[in-house]
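Chain by chain, the residues:
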Amino acid sequence: MYFLLAVAILLAGVNNVLLHVLSDKKIKYNPFLFNALITLVWVFALLAYNGIFSGGLQSVSSKTWIYALVYSLTLSGFIFFKTMAMATGPISLTSLVGCASFILTAIFNATYWKETLGLFDLLGIALMFVCVLMITYTGGGNSEKNLKSKLSLPWKIYSVFYFLFSGAVGIIFRLHQYVAAAHTNEMMIFAAVLASILLLLLFLITKKKHKEKAQKGTPMSAWKPILWTALGCGLVSCIYNRMNIYLSGVLPAALFAPIYNGGMVILSFFAGWWLFKEKPRKIQLFGVIVGLLSIISFSKVFGLF
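On a predicted model such as this, the values are computed, not experimentally measured, just so you know.

The rules behind the values
- Residues numbered from 1 in each chain as written.
- Predicted model: local features only at pLDDT ≥ 70, side-chain atom pairs only at ≥ 80, totals over all residues.
- Heavy atoms only, no water.
- Patch = residues over 30% accessible without salt bridge, like charges linked within 9 Å, V, L, I, M, F, W, Y side chains within 5 Å.
- Areas by Shrake-Rupley, 256 points an atom, 1.4 Å probe, with all protein chains shown as cover.
- Salt bridge = Lys/Arg side-chain N within 4 Å of Asp/Glu carboxyl O.
- Helix = DSSP H or I, 4+ residues; strand = E, 2+ residues; numbered from the N terminus.
- Phe/Tyr/Trp six-rings, centres within 6.5 Å; stacked < 30°, edge-to-face > 60°.
- Buried < 20%, exposed > 50% of the residue type's maximum accessible area, 1.4 Å probe, protein only.
- Axes fitted to C-alpha atoms, helices over the stretch in contact; angles between N-to-C directions.
- Left-handed = near helix turned anticlockwise from the far one by under 90°.
- Contact = heavy atoms within 4.5 Å.
- Nonpolar A, V, L, I, M, F, W, Y, C, P; charged D, E, K, R; others polar.
- pLDDT = per-residue confidence, 0-100.
- Expected span 1.5 Å × (residues − 1).
- Core = buried A, V, L, I, M, F, W, Y, C linked by side-chain atoms within 4.5 Å.
- Parallel < 35°, antiparallel > 145°, perpendicular 65-115°, else oblique.
- Disulfide = S-S within 2.5 Å.

**Considerations on a nonpolar patch on the surface**
- A cluster of nonpolar side chains, namely M1, Y2, F3, L4, Y246, V250 and I259, defines an oily patch on the protein surface of about 690 Å² accessible area.
- For the nonpolar patch, the secondary-structure elements that each account for two or more residues are helix 1 (2-24) and helix 10 (220-250).
- The element that contributes the greatest number of residues to the nonpolar patch is helix 1, accounting for 3 residues.
- Relative to the helices and strands, L4 resides in helix 1.

Have a look at this one:
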């Protein structure tokens, strides 16, 4: 099981790297079309998975259709804002923002499911708030101008929505698991189809605007890295998300959450440092450490309270 968890972490890290590569190489593309391609890959990958492991599609209730519609909207927002956040800011800090969305899940669980927030839960939430302040701090130091360019206003806006949609995806998925867990595959397939349609519509709406900015007669060679990156992101993101659904059901939550989220933060940090030459300041490094402590504290590794 822990080997599969390591593979899931590696695939999630590869997905983040692929999302960051296009911006690092200054390649221009329509983000709606790019993400529509990703969700289309999800559709075919999930259909293949469903045919191999589940014996084909089953008839579903109206509740599953409703959840598929809602999940498609949140999935579209999640994929789009994650792509834009990864494209406009540091891969290491952006990954931490996504992992921090457990705060929203915790608040929802406490209010809707009436789950009790213990001492370490509250400590984890407080530490994550401190972490966010530290990693987004842009004051002081000789590298203030360079830091502000990396932590730009667009990145902060995209990161906020990435954080919100990341939490919403988890919440909606858990609600569906409660009412129709047996139709998880069908719900994800329908949601991916609907998300693809929505993103394609948004692409058509914004197509003229992007054409005005782009050069006419773009050679096919310029599309190749975009298509290959979308294919790679679609495959690895679909696989590791499906693996996480399985692993979250067979591994203790107190181990799965900190190992996965912590592993993602560490892997993304080293990927940013090694592949993209990102050089976080000391306060940001301390912020990453505080974020890891937050994840560990919230996972109740130190005991159940």
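Alright, that's what it looks like, and here's the rest.
**Looking at the packing of aromatic side chains**
- Throughout the structure, instances matching the rule amount to 13 aromatic pairs.
- Aromatic side chains Y71 and F173 sit 6.0 Å apart centroid to centroid with 55 degrees between the ring planes, which places their arrangement in the tilted category. In this pair, Y71 sits in helix 3 (residues 62-88) while F173 sits in helix 8 (residues 153-180), placing the two residues 102 residues apart along the sequence. Of the two residues, Y71 and F173, neither departs from the other in class, the shared state being buried.
- Aromatic rings pair up to connect F32, F80, F81, Y158, F161 and F165 into one cluster.

**Concerning the packing of helix 4 (residues 91-99) against helix 8**
- Packing of helix 4 against helix 8 brings their axes to within 8 Å, and their N-to-C directions diverge by 35 degrees. Classified by chirality, the crossing of helix 8 by helix 4 is right-handed. Across the interface between the two elements, L93, T94, V97 and G98 from helix 4 touch W155, S159, Y162, F163 and S166 from helix 8.
- Per-class residue counts for the contact of helix 4 with helix 8 are 5 nonpolar, 4 polar and no charged.

**Side note on the confidence of the model for the protein**
- Averaged over every residue, the pLDDT of the protein is 82; residues scoring 70 or more account for 84%.
- Mean pLDDT values for the elements of the protein range from 50 in helix 7 (residues 144-150) up to 92 in helix 3.
- Counting interchain partners and residues more than four positions distant, the pLDDT-below-50 stretch residues 142-148 has 7 contacts.

**Observations concerning helix 6 (residues 119-135)**
- Between its terminal C-alpha atoms helix 6 stretches 24 Å, which fits the 24 Å expected from 17 residues at 1.5 Å a residue.
- Every buried residue of helix 6 is accounted for by F120, D121, G124, I125, M128, C131, M134 and I135.
- Tucked inside the fold, the buried residues of helix 6 contact helix 4, helix 5 (102-112) and helix 12 (282-298).

**Notes on the nonpolar core**
- Formed by 78 residues in total, the largest nonpolar core has its most connected members in F34, W42, Y71 and Y260.
- Top element by residues in this core is helix 3. It accounts for 10 residues.

**Describing the side chain of T184**
- Here T184 is to be found in helix 9 (residues 184-213).
- Once residues within four sequence positions are removed from consideration, T184 is found in contact with F173, H176, Q177, R242 and I245.

**Some points on the packing of helix 5 against helix 8**
- Interhelical geometry of helix 5 versus helix 8 gives an angle of 40 degrees and a closest axis separation of 9 Å. Relative to helix 8, the element helix 5 is oriented oblique. Of the two elements, helix 5 crosses helix 8, and the hand of that crossing is right-handed. Across from L104, T105, F108, N109 and Y112 in helix 5, the residues of helix 8 making contact are F163, L164, G167, I171, R174 and L175.
- Here the contact of helix 5 with helix 8 is built from residues that sort into 7 nonpolar, 3 polar and 1 charged.

**Description of the environment of I66**
- Note on placement: I66 falls in helix 3.
- A relative accessible area of 53% places I66 in the exposed class.
- Along the primary structure I66 and H176 are separated by 110 residues, whereas in three dimensions their C-alpha atoms are 9.6 Å apart.

**Details of the environment of S95**
- Note that S95 resides in helix 4.
- On the basis of relative accessible area, S95 is assigned to the buried category, the value being 2%.
- Separated by 64 residues in sequence, S95 and S159 place their C-alpha atoms 9.6 Å apart.
- When neighbours within four sequence positions are excluded, S95 is seen to be in contact with N16, M86, M264 and S268.

**Some words on the state of the cysteines**
- Across all of its chains, the model carries 0 disulfides by this definition.
- Here C99 stays unpaired: no disulfide links it, and the sulfur of C131, its closest cysteine neighbor, is 9.9 Å away.
- Overall, the relative accessible area of 0% leaves C131 in the buried class.

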